[in-house]
Amino acid sequence: MTRILVVDDLRDITETMELLFETLGHDTKVAADGQQAVEAALAFEPEIMFMDLDMPVLNGYEAARAVRASALARQPFLVALTASTGVAVEVATRAVGFDFYLRKPADTNALLALVADLSTRTRQTP
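Residues numbered from 1 in each chain as written. Predicted model: local features only at pLDDT ≥ 70, side-chain atom pairs only at ≥ 80, totals over all residues. Heavy atoms only, no water.

**Notes on the pattern of salt bridges**
Point 1. What the rule picks out here adds up to seven salt bridges.
Point 2. For Glu-47, the salt bridge is made with Arg-3, and the minimal N-O distance between the two is 3.8 Å. Here Glu-47 is found in the loop between α2 (34-44) and β3 (48-51), whereas its partner Arg-3 is found in strand β1 (residues 3-7), with 44 residues between them in sequence.
Point 3. Here Glu-47 falls in the buried class, since its relative accessible area comes to 14%.
Point 4. It is possible to trace a salt-bridge network through shared partners that takes in Arg-3, Glu-47 and Arg-74. (Salt bridge = Lys/Arg side-chain N within 4 Å of Asp/Glu carboxyl O. Helix = DSSP H or I, 4+ residues; strand = E, 2+ residues; numbered from the N terminus. Buried < 20%, exposed > 50% of the residue type's maximum accessible area, 1.4 Å probe, protein only.)

Structure follows, in structure tokens:
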């Protein structure tokens with residue numbers, strides 16, 4: 001069982017992903033903005049975080065920086081899941097600490113394959 005945090009201000013997305021991952025036996029929590037994401041990460045200590053970039057309060061970039069700067073015992077894999085596209089977005093996500101970048105709408109098989117792979121790995125800190 002993997003601890004997964006899904007962060008998006010669109011409730012349909014968080015509910016769908018939560019249902020998908022919980023059906024597969026993963027412990028899944030959701031957050032609706034970047035500030036909630038940081039708070040949930042500190043309390044829940046997820047192994048994987050799927051996070052939108054364009055959100056209220058703190059955007060995904062700010063939330064990723066905060067998570068990476070936190071005193072978590074084990075840093076999660078951060079996956080940008082966003083409708084934003086382009087090389088500049090991919091470069092910017094890497095610069096703030098995201099490990100992966102997926103475009104919305106994400107292919108379910110790609111999500112499942114990524115979770116299966118990451119569930120067997122430990123994130124190496126840079």
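**Considering the side chain of His-26**
Point 1. Note that His-26 resides in the loop between α1 (11-23) and β2 (27-31).
Point 2. By relative accessible area, which is 16% here, His-26 ends up buried.
Point 3. Among the polar contacts listed, one links the side chain of His-26 to the backbone nitrogen of Thr-2, at a separation of 3.3 Å.
Point 4. Not counting the four nearest positions on each side in its chain, His-26 is found in contact with Met-1, Thr-2, Ile-4, Phe-21, Val-115 and Ser-119. (Polar contact = N/O pair within 3.5 Å; in protein donor to acceptor, adjacent residues only side chain to side chain. Contact = heavy atoms within 4.5 Å.)

**Considering the environment of Gly-86**
Point 1. Of note, Gly-86 is situated in the loop between β4 (77-82) and α4 (87-96).
Point 2. Gly-86 sits in the partly exposed class, given a relative accessible area of 32%.
Point 3. The sequence separation of Gly-86 and Thr-16 amounts to 70 residues, and the corresponding C-alpha distance is 26 Å.

**Regarding unusual backbone geometry**
Point 1. Omega for the peptide link from Lys-104 to Pro-105 comes to -10°, which places this bond in the cis form.
Point 2. The backbone of Glu-45 sits at a positive phi, close to 50°, despite the residue not being glycine.
Point 3. Of note, Glu-45 is situated in the loop between α2 and β3.
Point 4. Unusually for a residue other than glycine, Val-57 sits at a positive phi of about 70°.
Point 5. Assessed through its relative accessible area of 61%, Val-57 is described here as exposed.

**Things to note about the packing of α2 against helix α3 (residues 60-69)**
Point 1. The N-to-C vectors of α2 and α3 enclose an angle of 20°; their axes lie 8 Å apart at closest approach. With respect to their mutual orientation, α2 and α3 come out roughly parallel. Seen along the crossing, α2 lies across α3 with a hand that is right-handed. Side by side, α2 and α3 meet where Gly-34, Val-38 and Ala-41 of the first sit next to Ala-63, Ala-66 and Val-67 of the second.
Point 2. Broken down by class, the residue content of the contact of α2 with α3 amounts to five nonpolar, one polar and no charged. (Axes fitted to C-alpha atoms, helices over the stretch in contact; angles between N-to-C directions. Parallel < 35°, antiparallel > 145°, perpendicular 65-115°, else oblique. Left-handed = near helix turned anticlockwise from the far one by under 90°. Nonpolar A, V, L, I, M, F, W, Y, C, P; charged D, E, K, R; others polar.)

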